[in-house]
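# Analysis of the macromolecular model
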Amino acid sequence: MAQVSLKNVCKIFAGNVKAVDNVNMGIENKEFMVLVGPSGCGKSTTLRMIAGLEEISSGDIYIGNKKVNDVPAKDRDIAMVFQNYALYPHMTVFENMSFGLRLRKIPKAEIAQRVNEAADILGIKKLLHRRPKELSGGERQRVAVGRAIVRKPMVFLFDEPLSNLDAKMRVQMRTEIHKLHIRLQTTIIYVTHDQIEAMTMGDRIAVMKDGILHQIADPISVYDHPKNKFVAGFIGSPPMNFMKGRIVKQDGRLYFDEGKIKVKLVDDMRKALNAYVERDIIFGIRSEDIYDKLFVSEAPPENIVRVNCEVYEPMGSEVYLYLNTGKHTFIARVGAHDRPKINQEMDLVFDMSKVHFFDQDSEETIV
């Protein structure tokens, strides 16, 4: 079994710089876990500690049922795929893929079988006699993945493997790695700063910032129920819109008042927000939960807001509208047919059943 567990894991660099702060995480056997967060959040350091390439400052790491704190990287039964491929330029593809097996004195016949099987899975059999300089970026990445596959490790570790590829190739390789996981049925821990990669690839995603693990859950749960404002703003494209305002009570009902706009809260949110009446609060709404009133047959008047459309970006199947309330700017994601006039006012409808509220001081989610 290839479970991986991190218990109170910390990494402190020189100068008392805390790169990873008390991370607790359990990765199940055959799970595809994605560590995601902005640059410098500690995700790659966490991966390197699992691999044994970085010494932990405190805490424990288990692979299977074995504590590996003091186990050398070569004895942890893991295989790592790096961002820069780390291929030997003077070796052929076959030699690169078989290098680790040759070091372990695996018989030549078995090496050839393993390399050919991996090359067949990745569609690179015709490249086995080429050298890295003769390959495209996508082909080099496949070779790096193949070198990991031939080892048949308990755990695969991927450290931002697609960041050097162009946009089209990233999408293709994302699909290939996902299919590879389904085929191999092994445990994968994957690091990326790209939240689209995280959402589309992971069985679960772990969102990190400043060395702290903020939330770990399946992608849809993280998207629909973010634990705090950071997670809400980081996961999703375009990111969630935020506005600062106050909760006010009028005629026995609660409203969010931004200063320029005021919208009524749904009844389900009243209990949680009663304590915030006449207090500052952060309002969040995703771009797809904002509609052009022209295309809404029935819209409650208390959910309609008037804004100025500053820019629109046609994306093919949809349009991004960049809007201004006079105090805040935000983005709406609407249908491709929607073409409002620039620098003119328009009416929008907020889906108030899908909004989020965050405490202004702690930035933790309220509802």
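Everything discussed here concerns the structure shown above.
Quantities reported herein were computed from a predicted structural model and do not represent experimental measurements.

### Focus on the sheet that holds strand β9 (residues 204–209)
Taken together, the 6 strands give an open sheet; going across it, the order is β6-β7-β8-β3-β9-β10, and neighbouring strands pair in mixed fashion. Edge strands, defined here as strands with exactly one partner in the open sheet, are β6 (78–81) and β10 (212–217). Taking the axes of each pair of neighbouring strands and ignoring which way they run, one obtains an average angle of 15° across the sheet. As paired elements, strand β3 (residues 32–36) and β9 share 4 bridges and run parallel to each other. Pairing of Val 36 across the sheet is with Val 207, part of β9. With respect to the sheet, helix α4 (residues 137–149) is in contact with β6 and β7 (155–159), its orientation differing from that of β6 by roughly 175°.

### Focus on helix α2 (residues 93–103)
Within α2 the residues assigned to the buried category are Val 93, Asn 96, Met 97, Ser 98 and Leu 101. Of the surrounding secondary structure, the elements contacted by the buried residues of α2 are α3 (108–122) and α4. Directly beyond the C-terminal end of α2, a positive phi value near 60° is found at Lys 105.

### Here we look at unusual backbone geometry
The omega torsion across Ser 237 and Pro 238 is -5°, close enough to zero to call that bond cis. Among the secondary structure elements, Pro 238 is positioned in the loop between α8 (229–234) and β11 (241–250). Even without being a glycine, Asn 16 presents a positive backbone phi close to 60°. Note on placement: Asn 16 falls in the loop between β1 (4–13) and β2 (17–27). Overall, Asn 16 belongs to the exposed group, its relative accessible area being 64%. You will see that Glu 363, though not glycine, has its phi angle at about 60°, which is positive. Here Glu 363 lies in the segment after β20 (356–359).

### Some thoughts on the pairing of β6
The alternating pattern of β6 places Ile 78 and Met 80 on one face and Ala 79 and Val 81 on the opposite face, and all of these are buried. Relative to β7, β6 is paired through 4 bridges, and the arrangement is parallel. Opposite Met 80, over in β7, you have Leu 157 as the bridge partner.

### Remarks on the environment of Ala 232
The residue Ala 232 is located in helix α8 in this model. Overall, Ala 232 belongs to the buried group, its relative accessible area being 0%. A sequence separation of 52 residues divides Ala 232 from Gly 284, and the C-alpha atoms of the two residues are 8.3 Å apart.

### Quick notes on the nonpolar core
In terms of nonpolar packing, the biggest core is built from 47 residues, with Met 97, Phe 158, Tyr 190, Val 207 and Ile 235 touching the most fellow members. Aside from chain neighbours lying at most four places away, what touches Phe 158 is Leu 47, Val 81, Val 145, Ile 177, Ile 188, Ile 189, Tyr 190 and Val 191. In this structure, Ala 2, Leu 47, Met 80 and Val 191 belong to the second largest nonpolar core, which totals 30 residues.

Calculation rules
Residues numbered from 1 in each chain as written. Predicted model: local features only at pLDDT ≥ 70, side-chain atom pairs only at ≥ 80, totals over all residues. Heavy atoms only, no water. Pairing = 2+ DSSP bridges. Helix = DSSP H or I, 4+ residues; strand = E, 2+ residues; numbered from the N terminus. Axes fitted to C-alpha atoms, helices over the stretch in contact; angles between N-to-C directions. Contact = heavy atoms within 4.5 Å. Buried < 20%, exposed > 50% of the residue type's maximum accessible area, 1.4 Å probe, protein only. Core = buried A, V, L, I, M, F, W, Y, C linked by side-chain atoms within 4.5 Å.

That's the geometry; what it means functionally is another story.
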